Amino acid sequence: MNYRKTRAEINAAALRSNTRWLRRHIGPGSLLAVVKADAYGHGVGPVCRAIADGVDGFAVGFTDEAVALKESYPECRHQVLILEGCQSEAELQLCVAQNFTTVVHSMAQLEQLEAVSLTKALDVWLKVDSGMHRLGIPPEAVEQCMKRLKSCNHVGQITLMSHLANADNLAALNQVQLQQFQTLKNQYPNHSYSLHNSAALLNPQLQGVLTASDWVRAGLLLYGVNPSEIEDVQHELTPVMTLKAPVIAINEVKKGDSVGYGSNWVAPSDTRVATVAIGYADGYPRQCKNGTPTFVRGQLAPLIGRVSMDMVTVDVSHISNVVLGDDVELWGENVDVRCVARHADTISWHLLTGTSVRVPRVVVE
Ligand SMILES: *Cc1c(COP(=O)(O)O)cnc(C)c1O
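Conventions adopted
Along each chain, the written sequence defines residue order, and numbers are assigned to residues from 1. Only residues with pLDDT of at least 70 are given local features in this predicted model, and only at 80 or more are side-chain atom pairs given and counted; all residues enter the totals for whole chains, interfaces and linings. The side-chain quantities take in all heavy atoms of the structure and omit both hydrogens and water. Per the convention used, a helix needs a DSSP run of H or I reaching at least four residues, while a strand needs a run of E reaching at least two, with both numbered from the N terminus. When accessible area is computed with a 1.4 Å probe and restricted to protein chains, residues below 20% of their type maximum are described as buried, those above 50% as exposed, and intermediate ones as partly exposed. We call two residues in contact when some of their heavy atoms are within 4.5 Å. Note that His is not counted, nor are the chain ends; the positive residues are Lys and Arg, and the negative ones are Asp and Glu. To locate a charge, take atom NZ for lysine, CZ for arginine, CG for aspartate or CD for glutamate. By definition, two strands form a pair when at least two bridges between them are found by DSSP. In the sections that follow, a salt bridge refers to a side-chain nitrogen of Lys or Arg positioned within 4 Å of a carboxyl oxygen of Asp or Glu. Any residue with a heavy atom lying within 4 Å of a molecule or strand is counted as near it. Distance and chemistry together define a polar contact, namely a pair of N or O atoms within 3.5 Å, with one atom able to donate a hydrogen and the other to accept it when in protein, and with adjacent residues in sequence counting only for side-chain atoms on both sides. Methods summary: accessible areas were calculated by the Shrake-Rupley approach with a probe of 1.4 Å, and residue burial reflects only the protein chains presented. Under the grouping applied here, Gly and all other residues not named as nonpolar or charged are polar, the nonpolar ones being Ala, Val, Leu, Ile, Met, Phe, Trp, Tyr, Cys and Pro and the charged ones Asp, Glu, Lys and Arg. Here an angle of 0 to 180 degrees is reported between the N-to-C directions of two axes, which are lines fitted to C-alpha atoms, with helices fitted over the stretch in contact. The definition of a nonpolar core used throughout is a set of buried Ala, Val, Leu, Ile, Met, Phe, Trp, Tyr and Cys residues joined through side-chain atoms within 4.5 Å. Any angle from 65 to 115 degrees is called roughly perpendicular, while one under 35 is roughly parallel, one over 145 is roughly antiparallel, and all others are oblique. Crossings are classed by handedness, with left-handed meaning an anticlockwise turn of the near helix from the far one by less than a right angle and right-handed meaning a clockwise turn.

Undergrad: What is the right way to look at the overall build of the protein in this model?
TA: The helix and strand inventory of the protein stands at 11 helices and 18 strands. For the protein, the residues scored as buried account for 55% of the 365 residues in total. Taking the intrachain contacts of the protein between residues at least 6 apart in sequence as the baseline, contacts between residues at least 24 apart amount to 64%. Side-chain charges in the protein split into 31 positive and 36 negative, and the spacing between the mean points of these groups amounts to 3 Å.

Encoded structure:
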């Protein structure tokens, strides 16, 4: 039971309709739902449960997140892939015990896998660095790594994967990375592959290459937010998280009065100000500028003054019927999280994953 009304509503029907949208767009491929960072802040258990019938597997960042997934969703029957792979023998043993699959992205991880003795076969995703230079073995090392993996009798299926550095825009590197990956596919024709994230699905440079052997690793699109700078399909998606907080004070300020810390907003005329119970300790970014949109009583209302730890202030002069206790939407159904992100000089991924533990997640059907 929470007394404070501040909450993140998680729309399960939206999750399912975004999943169906993804299905239509990946063609014959398989869908790996990326649920790292507590399902991008939406709550891993409820999210996995809502979409399980529509996806082919789940991906988390690291082993502890795979354990958390199983704890909050014990009936999970799908593959759970650990994107950063294992850093210790204990984790490899856990993968076998829990049926997790793991990424091998470095020679060190390969050596660790070779050295361990496992009682069951472990499926691995071999990550190749096709040009992002963050994780992955160099393309020249693939032949040697594949040989060594195949000669480990505790290694099961091997999927080849890589990650794109510029999937959301038209960059020359996309062509380089795609070509590198297509070469691998030709060299190892009887494997599964995975290159595409959400934005790659919407990038004309990366379209028309998915086959029945490809896995699409989709995060942001699943949560109903358009990831691309090139194509905007926002109208075909439904935002899953709607962040709401109540009005806890209404004040009339006079022309020339300032509002909030640092007095960085000064009323240009008499103004009605609503104080709303959400702040940067809830994950609403302190960087949000004056004018960041919020939504109350069916209308947009601009943020004014600095974001405090527990509160923000909003100009509601033009919305005469606002009363104490009214819900104000910070992002979601009516306020595009991408727009809030722009006002805070950041990206949607950051805002969703930054919604803090102080905010209860409430699943709505
Ligand atoms: C987080 C992540 C994804 C999902 O990215 P979106 O842009 O949210 O679709 C895909 N692949 C890897 C390796 C990731 O780390």
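There is more to say, and it comes next.
Undergrad: What's the story with the pairing of strand 1 (residues 7–11) in this structure? I'm lost.
TA: Look at any regular strand and the pattern is simple: side chains alternate between the two faces of the sheet. The buried fraction of strand 1 is high, at 5 of 5 residues. The alternating pattern of strand 1 places Arg7, Glu9 and Asn11 and Ala8 and Ile10 on opposite faces, both of which are buried. Sheet topology note: the strand 1/strand 10 (residues 241–253) ladder contains 4 bridges and is antiparallel. Its bridge partner being in strand 10, glutamate 9 is matched across the sheet by threonine 242. Where strand 1 lies against strand 18 (residues 361–364), 4 bridges are found, and the strand directions are parallel. The residue bridging isoleucine 10 from the neighbouring strand is valine 363, located in strand 18.

Undergrad: Sorry if this is basic, but what is going on with the pattern of salt bridges here?
TA: A side chain with one charge can pair with a side chain of the opposite charge if their charged atoms come near. The tally for this structure, following the rule as stated, stands at 18 salt bridges. Between aspartate 327 and arginine 7 there is a salt bridge whose closest N-O contact spans 2.7 Å. Taken together, the residues aspartate 327 in strand 17 (residues 327–331) and arginine 7 in strand 1 connect sequence positions 320 residues apart. Using a relative accessible area of 28% as the deciding quantity, one classes aspartate 327 as partly exposed.

Undergrad: Looking at this structure, how should I read unusual backbone geometry?
TA: Backbone phi values are negative for most residues with the exception of glycine, while trans is the configuration of most peptide bonds. The backbone phi angle of arginine 297 is positive, close to 50°, even though this residue is not glycine. Given the relative accessible area of 41%, arginine 297 is considered partly exposed. With a phi close to 55°, aspartate 345 is a non-glycine residue in the positive phi region. Of note, aspartate 345 is situated in the loop between helix 10 (337–343) and helix 11 (348–354).

Undergrad: Would you take a moment to explain the site of the ligand for this structure?
TA: As a structural note, the neighbourhood of the ligand is formed by 13 residues, with Lys36, Tyr40, Ser198, Arg217 and Leu220 the closest of them. Tyrosine 40 places a polar side-chain atom, nitrogen or oxygen, 2.5 Å from an oxygen atom of the ligand. Measuring from an oxygen atom of the ligand, one finds a side-chain N or O atom of serine 198 at 2.5 Å. When isolated, the ligand has an accessible area of 390 Å², and the protein chains bury 90% of it. Here the shell around the ligand is composed, by residue class, of 6 nonpolar, 4 polar and 3 charged.

Undergrad: Help me out: how do you make sense of the sheet that holds strand 6 (residues 122–127) in this one?
TA: Hydrogen bonds between backbone groups are what pair the strands of a sheet, and the pairing can be parallel or antiparallel. Overall, parallel pairing links the 8 strands, which are arranged 8-7-6-5-4-3-2-9 in an open sheet. Looking at the sheet topology across the chains shown, the edges are occupied by strand 8 (192–194) and strand 9 (215–218). Neighbouring strand axes in the sheet, compared pairwise and without regard to direction, differ in orientation by 30° on average. In this structure, strand 4 (residues 79–82) lies alongside strand 5 (residues 100–104), joined through 3 bridges in parallel fashion. Opposite isoleucine 82, over in strand 5, you have threonine 102 as the bridge partner.

Undergrad: Would you take a moment to explain the nonpolar core for this structure?
TA: Across soluble globular proteins, nonpolar side chains show a tendency to be buried alongside one another. Membership of the largest hydrophobic core comes to 116 residues, with the highest contact counts inside it found for Val35, Phe58, Leu69, Leu113, Leu126, Tyr284 and Trp331. Ranked by the residues each element gives to this core, the list is headed by helix 1 (residues 12–26), at 6 residues. With residues up to four places along the chain from it excluded, the contact list for leucine 113 reads Leu92, Val104, Leu118, Leu122, Val124, Leu149, His154 and Val155. In terms of nonpolar packing, the next biggest core, distinct from the first, is built from 6 residues, Val253, Val259, Ala267 and Val273 among them.

Undergrad: I tried to follow helix 3 (residues 44–51) on my own but got confused; where do I start?
TA: Most of helix 3 sits inside the fold, with 6 of its 8 residues counted as buried. Residues of helix 3 that are buried: Val44, Gly45, Val47, Cys48, Ala50 and Ile51. Those residues of helix 3 that are buried are in contact with helix 1, strand 2 (30–34), helix 2 (36–40), strand 3 (57–60) and helix 4 (63–72).

Undergrad: So what exactly am I meant to see when it comes to the packing of helix 3 against helix 4 here?
TA: To characterise two packed helices, one gives the angle between the axes of the helices and the distance between these axes. At their nearest, the axes of helix 3 and helix 4 sit 8 Å apart, and the two run at 70° to each other. The angle between helix 3 and helix 4 falls in the class roughly perpendicular. As helix 3 packs across helix 4, the resulting crossing turns out to be right-handed. Residue-level inspection shows Val44, Gly45, Cys48 and Arg49 of helix 3 in contact with helix 4, the latter providing Ala68, Leu69 and Ser72. Residue composition of the contact of helix 3 with helix 4, grouped by class: 4 nonpolar, 2 polar and 1 charged.

Undergrad: How should the side chain of glutamate 9 be read in this particular structure?
TA: By the element assignment, glutamate 9 lies in strand 1. Within polar-contact distance, the side chain of glutamate 9 engages the side chain of arginine 7 at 3.1 Å. Within the structure, glutamate 9 has its side chain in polar contact with the side chain of lysine 244 (distance 3.0 Å).

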